[in-house]
Amino acid sequence: MITRKVGFIGAGNMANALIQGMIQSGQFSIEQIRINNKNSMPRRRKMAGAYSIPYVGKQELLRWADVLILAVKPQDLFGVLEEINPMITERKLIISIAAGVDIKSIDSMLTTKCPIIRAMPNMSARVLTSATALSMGKLVLSKEMDFARRIFFCVGSVHQVEESQMDAVTGLSGSGPAYVYTFLKAMVEGGEQVGLSHEDASELALQTLKGAIEMISVTGDDPAALTKQICSPNGTTLAGLGILESHHFEETVVEAIRAATQRSAELRQENQQRQANKKVI
Ligand SMILES: NC(=O)c1ccc[n+]([C@@H]2O[C@H](COP(=O)([O-])OP(=O)(O)OC[C@H]3O[C@@H](n4cnc5c(N)ncnc54)[C@H](OP(=O)(O)O)[C@@H]3O)[C@@H](O)[C@H]2O)c1
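Because the structure is a prediction, the values reported are computed rather than measured.

### As for the site of the ligand
- Around the ligand, the surrounding shell holds 26 residues, and the nearest of these are Met14, Asn37, Asn39, Lys58 and Val72.
- Within the backbone of Gly12, an N or O atom sits 3.5 Å from an oxygen atom of the ligand.
- Val72 is positioned with one of its backbone polar atoms (N or O) 2.6 Å from an oxygen atom of the ligand.
- Against a free-state accessible area of 900 Å², the protein chains account for coverage of 86% of the ligand.
- Contributions of two or more residues to the shell around the ligand are made by helix 1 (13-24) and helix 4 (74-84).
- Looking at the shell around the ligand element by element, the count peaks at four residues for helix 4.
- Its residues placed into classes, the shell around the ligand shows 13 nonpolar, seven polar and six charged.

### With respect to the side chain of Arg118
- Structurally, Arg118 is set in strand 5 (residues 116-120).
- Note on Arg118: relative accessible area 3%, which makes it buried.
- A polar contact of 3.2 Å, which involves the side chain of Arg118, links it to the backbone oxygen of Val101.
- Once you skip the residues sitting within four places of it in the chain, Arg118 turns out to touch Ser96, Ala98, Gly100, Val101, Asp102, Ile103, Ala133, Leu134, Ser135, Glu163 and Met166.

### A word on helix 4
- Taken together, the buried positions of helix 4 are Pro74, Leu77, Phe78, Val80, Leu81 and Ile84. One face of helix 4 carries all of its buried residues, which in axial projection span an arc of 165°.

### Observations concerning the domain arrangement of the chain
- Domain annotation of the chain identifies domain 1 (6-162) and domain 2 (175-247).
- Measuring from the centre of the C-alpha atoms in domain 1 to the corresponding centre in domain 2 gives 37 Å.

### Focus on the environment of Ala259
- Residue placement: Ala259 occurs in helix 12 (residues 249-280).
- A sequence separation of 91 residues divides Ala259 from Ala168, and the C-alpha atoms of the two residues are 9.9 Å apart.

### Topic: the packing of aromatic side chains
- Within this structure, the stated rule accounts for two aromatic pairs.
- Considering the side-chain rings of Phe28 and Phe147, the 6.0 Å spacing of their centres and the 75° angle between planes classify their relative orientation as edge-to-face. With Phe28 in the loop between helix 1 and strand 2 (33-36) and Phe147 in helix 6 (residues 142-153), the pair connects residues that are 119 residues apart, well separated along the chain. Each member of the pair, Phe28 as well as Phe147, is classed as buried.
- Here the aromatic rings of Phe183 and Phe249 are separated by 5.9 Å at their centres, their planes lie at 45°, and the arrangement is tilted. Taken together, the residues span a long stretch of sequence, with Phe183 in helix 8 (residues 176-193) and Phe249 in helix 12 at a distance of 66 residues.
- With a relative accessible area of 33%, Phe183 lands in the partly exposed category.

Conventions used here
- Residues numbered from 1 in each chain as written.
- Predicted model: local features only at pLDDT ≥ 70, side-chain atom pairs only at ≥ 80, totals over all residues.
- Heavy atoms only, no water.
- Near = heavy atom within 4 Å.
- Polar contact = N/O pair within 3.5 Å; in protein donor to acceptor, adjacent residues only side chain to side chain.
- Areas by Shrake-Rupley, 256 points an atom, 1.4 Å probe, with all protein chains shown as cover.
- Helix = DSSP H or I, 4+ residues; strand = E, 2+ residues; numbered from the N terminus.
- Nonpolar A, V, L, I, M, F, W, Y, C, P; charged D, E, K, R; others polar.
- Buried < 20%, exposed > 50% of the residue type's maximum accessible area, 1.4 Å probe, protein only.
- Contact = heavy atoms within 4.5 Å.
- Arc of directions from axis to C-beta.
- Domains from an automatic or database assignment.
- Phe/Tyr/Trp six-rings, centres within 6.5 Å; stacked < 30°, edge-to-face > 60°.

Below, the structure is given as structure tokens:
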């Protein structure tokens, strides 16, 4: 049984998803979780109503929790770190899910050094199927990393990466759900254009995506090999694939991931600048 006490700072969408997963998994009890949030009463009521998790002030949260999950927007993170800095002790474990803020920047805001883990989940955490990447700071013990893994396993899969790869993770799995939604939207539109109702096209396209993903998951086969199995000489699939190829579909997806990765690096640098300005003030 997990006994560490987990305090969330920020009770928005991602915190809600994580708490839901942690409790539904049965690995964490409600008594092990407390929340701090800036204001926003409707959100508080939603969280408290759904799980009866206590809302507390930052001082109380810091005194009580062994692990702090920082689940505020990146632009709010440095303000939060400034607030909690005096209450940080050596063996508090900090897990930050803020996109584009590196461990070094978090560490440099703290007077007392403590272990810091950075996590990059994605939106599918809300339906417990996130692809989450974790990277660890220098002071993190393997049991602390195991603990972080257990939290994020509650909302999907977990992969450990070097922190230098976090921009790439953001470009691939962080932004990835949006690429898939865009593809799905185009499939539905295509279905409608060739004569199907919106409802039928939506259901057929969604089930086709689900089935294709399930096939890869179950068989572990290479996507290119599976594609080949569907194609018959001079058949329909080859006709469709020919159009995707002539419009550089694969290269376009690769470029999208490159652009998102590059933007993540830029945002990280902007956050570093924001943090440097905050320290000067
Ligand atoms: N959503 C995603 O799909 C996703 C994926 C990967 C990573 N992330 C990261 O997860 C973090 C949270 O994202 P989110 O989508 O959950 O955002 P969100 O729904 O806006 O939640 C952020 C929460 O932080 C609270 N907050 C702001 N300042 C605070 C302070 N000083 N003290 C305590 N609470 C404070 C906000 O309260 P108020 O409402 O009262 O202002 C809000 O409830 C972000 O850094 C984001 O980069 C999100």
